[in-house]
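# Structural overview for review
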Amino acid sequence: MPPEANAPQGRTPGLLDRSAAAWLALGVSCALTIALAQYVATHLDTRAQDRFMIGTEVARNQLLSRMRAYEQVLRGGAALFAASEHVDRKEWHDYVAALDLDDGLPGIQGIGFAEVIPASRLDEHHAAVRSEGFPGYSVHPPGARDPYTSIVYLEPFIDRNLRAFGYDMYSEPVRREAMSRARDSGQAALSGKVTLVQEDGRNTQPGFLIYLPVFDRQIDTRDVGGRRTALLGYVYSPFRAHDMMRSIFADGLRNAIVELFDHYPDDANLLFASSPARHDARHTVTHAVEVGGRNWVVRFSSTAAFEADSQSAEPMLILVGGSALGVLLFTILRTNAVHRRRMQAAANSLAASRDEFRALVENVPGVVFRCQVGAPWPVIHIGQSVEALTGATADEFVSGAVSFADFIEPEDIPRIEQAIRDAADKQTSYEVEYRMLGGDGAVCWVSERGRVHADALGRDLWLDGVIVDISALKHAEETMRSLAFVDTLTQLPNRRFLLDRLRQGLANSRRHGHHGALLFVDLDHFKAVNDAHGHEAGDELLCEVASRLRQCVREGDTVARLGGDEFVIMLEDLGDSSTEAFAKGTVITDKILAALNQPFEVGSATLQSTPSIGLTCFSGEDDSAESLLRRADAAMYRAKAGGRNRVETSAASALALPAGQRSARS
Ligand SMILES: Nc1nc2c(ncn2[C@@H]2O[C@H](COP(=O)(O)OP(=O)(O)OP(=O)(O)O)[C@@H](O)[C@H]2O)c(=O)[nH]1
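Quantities reported herein were computed from a predicted structural model and do not represent experimental measurements.

Conventions we followed
- Residues numbered from 1 in each chain as written.
- Predicted model: local features only at pLDDT ≥ 70, side-chain atom pairs only at ≥ 80, totals over all residues.
- Heavy atoms only, no water.
- Helix = DSSP H or I, 4+ residues; strand = E, 2+ residues; numbered from the N terminus.
- Buried < 20%, exposed > 50% of the residue type's maximum accessible area, 1.4 Å probe, protein only.
- Polar contact = N/O pair within 3.5 Å; in protein donor to acceptor, adjacent residues only side chain to side chain.
- Contact = heavy atoms within 4.5 Å.
- Patch = residues over 30% accessible without salt bridge, like charges linked within 9 Å, V, L, I, M, F, W, Y side chains within 5 Å.
- Areas by Shrake-Rupley, 256 points an atom, 1.4 Å probe, with all protein chains shown as cover.
- Salt bridge = Lys/Arg side-chain N within 4 Å of Asp/Glu carboxyl O.
- Pairing = 2+ DSSP bridges.
- Axes fitted to C-alpha atoms, helices over the stretch in contact; angles between N-to-C directions.
- Left-handed = near helix turned anticlockwise from the far one by under 90°.
- Nonpolar A, V, L, I, M, F, W, Y, C, P; charged D, E, K, R; others polar.
- pLDDT = per-residue confidence, 0-100.
- Expected span 1.5 Å × (residues − 1).
- Phe/Tyr/Trp six-rings, centres within 6.5 Å; stacked < 30°, edge-to-face > 60°.
- Core = buried A, V, L, I, M, F, W, Y, C linked by side-chain atoms within 4.5 Å.
- Near = heavy atom within 4 Å.

### A closer look at the side chain of threonine 149
- Within the element layout of this structure, threonine 149 appears in strand β2 (residues 148-155).
- Owing to a relative accessible area of 0%, threonine 149 belongs among the buried residues under this scheme.
- Among the polar contacts listed, one links the side chain of threonine 149 to the side chain of aspartate 168, at a separation of 2.6 Å.
- From its side chain, threonine 149 meets the backbone nitrogen of tyrosine 170 in a polar contact 3.3 Å long.
- Excluding its chain neighbours within four sequence positions, the residues that come into contact with threonine 149 are Glu115, Val116, Ile117, Val139, Tyr167, Asp168, Met169, Tyr170 and Met179.

Here's what the structure looks like:
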């Protein structure tokens with residue numbers, strides 16, 4: 001069968017054939033999905049963080065600008081003192097009222113003036129203030145200190161602020177520290193966390209104060225010493241931290257929890273918290289704010305509302321969508337891998353079957369083929385063994401370079417066509433023997449067995465068959481046949497052949513009325529040759545006898561060896577009468593006697609071997625070949641008995657002779 005270029009081959013499974021590829025794709029897609037979702041979540045978180053940062057920056061700036069505004073108001077108060085010889089209570093009241101603080105700068109508790117009072121002038125001071133219509137006025141808390149300070153003006157001079165009237169803020173260390181700093185620096189100074197004297201025990205809030213020093217214009221205040229000497233008092237503002245912060249962030253504390261600490265974040269320093277802080281806040285930003293020479297820390301924490309606003313469904317959508325795509329890809333790849341594996345298994349199985357079939361076909365003793373039905377039988381498939389038979393390769397047959405008809409003995413082709421045609425008509429197998437011309441030009445006998453395949457409409461499709469070289473069989477048959485009829489030593493016909501020819505001869509005589517003769521030749525003392533010179537020498541002598549006997553007769557006469565040293569010669573067509581036949585037979589026996597009396601050169605020896613010959617004639621009236629042979633044999637024995645190396649005739653033959661010729665010849 002010819003090789004097929006595109007025959008499926010077993011192969012190493014590719015990537016797409018493996019489930020591992022599907023799992024790999026699933027893993028990669030899941031990893032990509034998670035990475036993308038995380039990236040988007042991080043991006044959204046960063047964006048929210050930026051948004052939160054910007055919001056806190058705005059809030060911080062709001063706080064700073066408000067504090068600067070408060071400071072500015074105090075500077076205005078200080079400027080009032082600087083511009084006047086004396087600022088009385090009414091002027092102060094008018095100045096603060098003109099500021100319209102409630103509307104313009106909400107959150108400020110008041111604006112006041114604390115006068116510095118040396119201890120030596122305390123009584124004088126008491127008298128002066130009391131004379132303004134405050135008979136119960138006195139600097140408090142009581143105690144001996146020097147100097148004192150006293151809040152002499154505080155606007156609006158109502159409600160809680162009345163409690164601060166006459167309060168000596170030097171008496172309290174936190175306030176005094178800020179006041180000293182303001183005095184020494186000449187700048188606004190913010191106090192630490194205090195509880196304002198304005199607090200009445202209800203809704204108490206942390207508080208702080210801002211001080212701005214007021215100096216005597218007559219004294220040089222360019223150094224600390226000068227400023228301490230020139231200090232007259234302080235314009236200041238007390239602040240309730242909650243009120244102030246709420247006034248600043250009245251509009252927007254939805255997104256952040258604001259905590260304000262004095263100095264550093266600590267519960268003890270907490271000035272304000274817009275609500276209890278969340279410790280799990282997603283975004284936290286801390287700003288340092290410097291106000292009046294002191295640090296505040298503002299901490300912003302994102303509210304749940306802000307975080308909810310910042311939430312996005314995108315990461316979850318990506319996770320769900322990406323996972324779904326990954327699963328889909330996995331399913332497709334896995335299904336594809338399973339399908340491809342099945343296909344590959346089927347292809348491998350098919351290839352294995354084909355290989356098995358091919359091996360089977362190649363092992364068939366003969367050439368298996370498929371060809372077109374008509375001569376010259378172009379080949380469709382053919383086994384490789386055709387090359388041994390014809391010398392042409394299977395490829396040459398399949399390509400059409402050669403066809404069967406090129407190798408078939410031309411005179412056998414019609415017989416083959418007929419056999420195929422007959423079998424096709426009967427829809428049976430055919431078997432035909434014919435001769436093929438081998439590659440070396442030798443003729444060989446083949447036996448072809450095949451069958452024509454037809455479609456449903458009876459149209460010929462192709463012819464499948466097998467050609468077997470039967471040359472050896474033919475030869476064996478020939479050998480068998482010759483063994484049956486030929487003497488292997490001399491190649492003369494044997495007894496069976498002779499009897500067959502005798503029967504034919506008798507039949508011919510009967511049919512044509514011709515007479516013939518049968519000669520029985522037995523060598524004399526042949527045993528002695530064997531004994532003296534060996535069996536092989538005897539064989540050579542027998543072959544030479546056979547050769548000489550042939551030379552004594554015509555082409556059509558039969559010379560046979562019965563066995564041992566016995567030869568029989570049948571002479572046909574010797575005439576129309578027994579007399580004529582006897583006469584001609586005698587001529588032959590004379591020739592034989594002469595021929596065999598010649599010495600034989602066997603090897604290095606020269607041998608002598610004479611014959612004893614029995615002669616009998618026959619015609620169509622004779623009964624059988626066997627009786628004829630017995631007659632000749634009997635005559636030969638008489639020749640032996642008569643002294644050997646002579647001819648003796650059978651009684652029947654002798655009767656046919658004239659009286660003078662009826663004697664034995666020697
Ligand atoms: N070399 C050889 N010898 C054979 C063959 N077949 C038979 N013989 C021998 O041929 C001899 C035949 O002897 P016979 O014919 O009986 O006797 P003979 O010696 O010829 O004597 P007569 O016939 O009485 O003259 C025997 O010794 C056989 O063994 C053979 O094929 N080759």
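Right, picking up where we left off after that structure.
### Overview of unusual backbone geometry
- Omega for the bond connecting aspartate 146 with proline 147 falls within 30 degrees of zero, at -10 degrees, which places this linkage in the cis form.
- With respect to the secondary-structure elements, proline 147 resides in the loop between α4 (122-130) and β2.
- Of note, the bond from glutamate 155 into proline 156 is cis; its omega dihedral lies within 30 degrees of zero at -5 degrees.
- Tracing the backbone shows proline 156 in the loop between β2 and α5 (173-185).
- Within the chain, aspartate 159 stands out as a residue other than glycine whose phi angle is a positive 50 degrees.
- With respect to the secondary-structure elements, aspartate 159 resides in the loop between β2 and α5.
- Relative accessible area serves as the criterion here: at 61%, aspartate 159 is assigned to the exposed category.
- A positive phi angle, near 50 degrees, is found at histidine 525, a position not held by glycine.

### Digging into a nonpolar patch on the surface
- A cluster of nonpolar side chains, namely Ile34, Met316, Leu319 and Val320, defines an oily patch on the protein surface of about 350 Å² accessible area.
- When residues in the nonpolar patch are grouped by element, the largest group, three residues, is from helix α9 (residues 314-363).
- Here valine 320 is to be found in helix α9.

### A short note on the pairing of strand β4 (residues 207-215)
- Along β4, nine of the nine residues are buried, which leaves the element largely enclosed by surrounding structure.
- What you see with β4 is no split at all: Gly207, Leu209, Tyr211, Pro213 and Phe215 on one side and Phe208, Ile210, Leu212 and Val214 on the other are buried throughout.
- Bridge analysis of strand β3 (residues 189-190) against β4 gives two bridges, and the strand direction is antiparallel. Residue leucine 190 lies in a different strand from β4, and its bridge partner there is isoleucine 210.
- Pairing between β4 and strand β5 (residues 231-240): nine bridges, direction antiparallel.

### Some words on the packing of helix α1 (residues 19-83) against helix α7 (residues 241-248)
- Relative to each other, α1 and α7 sit at 120 degrees, their axes nearing to 10 Å. Classified by chirality, the crossing of α7 by α1 is right-handed. Residues Gln62, Leu63, Arg66, Met67 and Tyr70 of α1 pack against Met244, Met245, Ser247 and Ile248 of α7.
- Here the residues of the contact of α1 with α7 are counted per class, giving six nonpolar, two polar and one charged.

### Observations regarding the side chain of arginine 183
- Considering the arrangement of structural elements, one finds arginine 183 in helix α5.
- Here arginine 183 falls in the buried class, since its relative accessible area comes to 15%.
- Residues within four places of arginine 183 in sequence aside, it is in contact with Tyr170, Pro213, Phe215, Arg227, Arg228, Leu231 and Tyr234.

### Overview of the confidence of the model for the protein
- Of all residues in the protein, 94% have pLDDT values of 70 or greater, and the mean over the chain is 89.
- Strand β17 (residues 566-571) holds the highest mean pLDDT among the elements of the protein, 97, whereas helix α19 (residues 651-655) holds the lowest, 55.
- Throughout residues 1-10 the model reports pLDDT below 50, and contacts reaching past four residues in sequence, or to other chains, amount to 27 contacts.
- Note on residues 655-666: pLDDT under 50 across the span, and 16 contacts to partners over four residues away in sequence or across chains.
- With pTM at 0.50, the complex prediction returns an ipTM value of 0.96.

### Examining the environment of threonine 490
- Tracing the backbone through its elements, the reader meets threonine 490 in the loop between α13 (471-485) and α14 (495-512).
- Considering only alpha carbons, one finds threonine 490 and glutamate 544, 54 residues apart in sequence, at a separation of 8.5 Å.
- Contacts of threonine 490, omitting those with residues within four sequence positions, involve Leu542, Cys543, Ala546 and Arg561.
- At 2.4 Å, the side chain of threonine 490 forms a polar contact with the side chain of aspartate 487.

### Digging into helix α17 (residues 578-596)
- Between its terminal C-alpha atoms α17 stretches 26 Å, which fits the 27 Å expected from 19 residues at 1.5 Å a residue.
- Regarding α17, the residues found buried are Ala581, Phe582, Gly585, Thr586, Ile588, Thr589, Ile592, Leu593, Ala595 and Leu596.

### Remarks on the packing of aromatic side chains
- Evaluated as defined, the whole model comprises 21 aromatic pairs.
- Measuring from ring centre to ring centre gives 5.8 Å for phenylalanine 134 and phenylalanine 157, while their planes differ by 90 degrees; the resulting arrangement is edge-to-face. Linking phenylalanine 134 in the loop between α4 and β2 with phenylalanine 157 in the loop between β2 and α5, this pair joins segments that are 23 residues apart in sequence.
- Ring geometry for phenylalanine 208 and tryptophan 296: centres 4.8 Å apart, planes at 80 degrees, overall edge-to-face. Here phenylalanine 208, found in strand β4, pairs with tryptophan 296, found in strand β9 (residues 294-302); they are 88 residues apart in sequence, far enough to count as distant.

### Describing the nonpolar core
- Counting 55 residues, the largest nonpolar core has Leu63, Met67, Trp92, Ile111, Val235, Met244 and Trp296 as the members making the most contacts within it.
- At eleven residues, α1 tops the list of elements feeding residues into this core.
- Once residues lying within four places of it in the same chain are set aside, the contact partners of methionine 67 are Phe208, Ile210, Met244, Val291 and Trp296.
- One finds Val529, Ala537, Leu596 and Ile613 within the second-largest nonpolar core, a separate group that totals 35 residues.

### Structural notes on the sheet that holds β3
- The five strands are arranged β2-β1-β5-β4-β3 in an open sheet whose pairing can be described as antiparallel. Single-partner strands in this sheet number two, and they are β2 and β3.
- In this structure, strand β1 (residues 111-117) lies alongside β5, joined through four bridges in antiparallel fashion. Note on β5: the bridge partner recorded for glutamate 115 is glycine 233.
- Here helix α2 (residues 89-99) sits on the sheet and contacts β1, β2 and β5; the angle it forms with β2, its principal contact strand, is near 50 degrees.

### Thoughts on the site of the ligand
- Close to the ligand lie 16 residues, the nearest being Asn530, Asp539, Arg561, Lys640 and Arg644.
- Aspartate 539 is positioned with one of its side-chain polar atoms (N or O) 2.8 Å from a nitrogen atom of the ligand.
- Between the ligand and the protein, one listed contact pairs an oxygen atom with a side-chain N or O atom of arginine 561 at 2.6 Å.
- When the free accessible area of the ligand is taken as 650 Å², the share hidden by the protein chains comes to 67%.

### Quick look at the sheet that holds strand β8 (residues 284-291)
- The strand order β7-β6-β9-β8 describes an open sheet built from four strands, whose pairing is antiparallel. Two strands bound the open sheet, and with one partner strand each, they are β7 (270-273) and β8. Averaged over all adjacent pairs, the angle separating strand axes in this sheet is 20 degrees, with direction ignored.
- Sheet analysis places β8 next to β9, joined by eight bridges and oriented antiparallel. Directly across from valine 285, in β9, lies its bridge partner phenylalanine 300.
- Along the sheet, α1 contacts β6 (256-262), β8 and β9; its crossing angle with β8, the most-contacted strand, is approximately 20 degrees.
- Strands in contact with α7 are β6, β7 and β9; relative to β7, the strand with the most contacts, it is inclined by about 40 degrees.

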